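# Analysis of the macromolecular model
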Amino acid sequence: MVVKHAMVKTRQKIDVEDASGDRFFAELKKTTNGMLPANIYREMYQQSLAHSHNDIIDIGVGQGPSSIAFALGIVHSQRTNIVHVIDQFEQVKDGPHRYCTKDFPEGCRLANTEVFLNHVNDYGVDGTIQTYPCRTDEVDLDPDLQADILAIDADGLIDRDLGYFFDNLVPGGYIIIDDYADMINKRGRAKLKGFSHVSVEEARAEWLGMSIFARRRILGKHFLVYVLANWIELSGAMKKKKILGTTVFYEKTTSKKFRDIVGSDQSFVDNILMSRFLSELWILVQGRSKKRQPPYLKLLFR
């Protein structure tokens, strides 16, 4: 489903002629409730300027700062390409969107989509953005569509999103992924505490009984993205170019299909996640230094 922009009310336009300075991107972050540092949006704008031939795919956009930055790069380089924006525009509670289903169960998606489109209109790039208010597996993009940039800031399952859109990206194109960090975030720590009353063997048994989705998210989004991105890079699909904070920039290094590169065997990813899960649990329960190796690592690969 594609959303047109007729629903947007007439609002005061923002001057976007000078979109190169730090002040502009600080204002973009502020007016759109951006969750990333302003310099990331500036880098997105610069990458859009530099990639001059094809469209851009932006997944997980919140209230629109990344999409607007990409679109301004297209406009200022006098191209006619499109930013394809994919977002459910829903959240259960606090997050990048203005409204959540907890407080606004009816019409949450429509209201958040309108907020996004109003911001797009404010910055004068409504003609450069095409909006898909749905999950990535519901998007009906032209399989022949070619993109120069693929940006992902969704739920951490980047292998799923790359599986859908990596093949649209031209070799040499950029993949921008947020929440890349070798860390257990606040949500991951809270989930670990829920296992602190059981033994390592019991925790391992519970792990093996979880769904794949539950395993993936148990240590939080950051570590999941870190593991998946490194695994995909090791497969030869992409090469790291730079890291800004927790946002990582890759270059696509192959013309092969994504599924032909990474395959379907993800035991490596599962073993890394389980190893870190059990290690962090052991540290939590024992109160030991992270420098000391937990004695149960032999359990991992039984």
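Nothing here was measured: the structure is a model prediction, and the numbers come from that model. (Residues numbered from 1 in each chain as written. Predicted model: local features only at pLDDT ≥ 70, side-chain atom pairs only at ≥ 80, totals over all residues. Heavy atoms only, no water.)

### Observations concerning a nonpolar patch on the surface
Taken together, the side chains of Leu234, Phe268 and Ile272 make up a nonpolar region of the molecular surface, amounting to roughly 300 Å² of accessible area. Topologically, Phe268 is positioned in helix α11 (residues 267-286). Residue classification places Phe268 among the partly exposed positions, given a relative accessible area of 40%. (Patch = residues over 30% accessible without salt bridge, like charges linked within 9 Å, V, L, I, M, F, W, Y side chains within 5 Å. Areas by Shrake-Rupley, 256 points an atom, 1.4 Å probe, with all protein chains shown as cover. Salt bridge = Lys/Arg side-chain N within 4 Å of Asp/Glu carboxyl O. Helix = DSSP H or I, 4+ residues; strand = E, 2+ residues; numbered from the N terminus. Buried < 20%, exposed > 50% of the residue type's maximum accessible area, 1.4 Å probe, protein only.)

### Digging into the environment of Val125
With respect to the helices and strands, the residue Val125 is situated in the loop between α4 (108-122) and β3 (129-132). We classify Val125 as buried; its relative accessible area is 1%. In this structure, the C-alpha to C-alpha distance between Val125 and Ala71, residues 54 residues apart in sequence, is 6.2 Å. In this structure Val125 touches Ile68, Ala71, Leu72, Val75 and Val120, once residues within four positions along its chain are discounted. (Contact = heavy atoms within 4.5 Å.)

### So, unusual backbone geometry
A positive phi angle, near 55°, is found at Asn33, a position not held by glycine. Residue placement: Asn33 occurs in the loop between α1 (22-31) and α2 (38-50). Non-glycine residue Gln78 carries a positive phi angle of around 60°. Among the structural elements, Gln78 can be located in the loop between α3 (65-76) and β2 (83-86).

Keep in mind that these numbers describe shape and distance, not what the molecule does.
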